[in-house]
Amino acid sequence: MPYTPTSRAFTSPLFLTVCTVLIVAVLALPATMQAIAEHYTKLPAEIRVPLDEFNAHRVPGFQAVQSREFGIQDQDIGTDESLTLTMARLDKSGQIEDRDTLLHIAYYDGSGESGLRVSHTPEVCYRQGGATIQSVRTVRVDVPGLSSIPGYEHVGETVTARLVDIALPGGGTLVDIYLFVSNGEFYHDRERLRFAMSWASEPRVYFAKFEVSAIYDDNTPFDEAKARVKELIAAALPVFIEDHLPLHDDLMRVDDDEA
């Protein structure tokens, strides 16, 4: 015999509670979906000072030179806001040493087709260019004075970065160290970076890739080249942060025409 609900069933506390929950859920669904969409939709954060105004004279212990070791080629990296600069270390007497170190910076404002997509890491790009990636590992780089920069007090004096050991297709070997900075935080893993940007509390989001590389060979062993790369990161990263990256107030700004 089929079950036939009675009027008592429709007035039971359990039935009324379930109905109330369902009605509230249906009514709240559009607002919830809008809140989720607003959380994941970030506004672009423009760079404070363009990278073509990077002041290499502010990088202590190094001097910008014409490239003597690197064949620098233009590449489509998904942003027009980038800088590639050859730097040479100065010895104690102020003379330029004979080996070059390559500084590359790319800034992404979170707009356009790329959005929050993080691509163009060395282990991917160099492999696509025919190079052999010999190893990839995580390293720590000391950056004295980093915590004295406003907004970076919590970071400390050390950043975590990714080191890539590369055998170039035309011969030669390269040590490359890179890291990301986004909304005042540092990352060495692009998946963690993407997650952090999606859940950022600020309405505006940016990220930048900061990369330094040097050639090593019989005349300049791997450890010596790695030390020179770390020295340039320590010297140039604070300059980049202080002079170019948006301030926290910039990230919190929401214009009426963009809200």
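Basis of the calculations
Residues numbered from 1 in each chain as written. Predicted model: local features only at pLDDT ≥ 70, side-chain atom pairs only at ≥ 80, totals over all residues. Heavy atoms only, no water. Core = buried A, V, L, I, M, F, W, Y, C linked by side-chain atoms within 4.5 Å. Buried < 20%, exposed > 50% of the residue type's maximum accessible area, 1.4 Å probe, protein only. Helix = DSSP H or I, 4+ residues; strand = E, 2+ residues; numbered from the N terminus. Contact = heavy atoms within 4.5 Å. Phe/Tyr/Trp six-rings, centres within 6.5 Å; stacked < 30°, edge-to-face > 60°.

Q: Account for the nonpolar core, with residues named and values stated.
A: F54, F186, F210 and F240 are the most contacted members of the largest nonpolar core, which has 47 residues in total. Those elements that place two or more of their residues in this core are β3 (82-90), β4 (96-108), β5 (132-142), β6 (158-167), β7 (173-182), β10 (207-216) and α5 (222-244). Contact partners of F186, with chain neighbours within four places excluded, come to L146, Y152, V155, V159, L179, F180, V181, L237 and I241. Counting residues in each nonpolar core, the second largest holds 20 residues, with F70, L102, A106 and L193 among its members.

Q: Any details on the packing of aromatic side chains? Residues and values, ideally.
A: Enumeration over the complete set of coordinates arrives at eight aromatic pairs. When the ring of Y108 is compared with that of F207, the centres are 4.6 Å apart and the planes differ by 5°; the resulting orientation is stacked. Linking Y108 in strand β4 with F207 in strand β10, this pair joins segments that are 99 residues apart in sequence. Consider the rings of F180 and F207, whose centres lie 6.3 Å apart with planes at 70°: the pair is edge-to-face. One end of the pair, F180, is in strand β7; the other, F207, is in strand β10, with 27 residues separating them in the sequence. Assessed through its relative accessible area of 1%, F207 is described here as buried.

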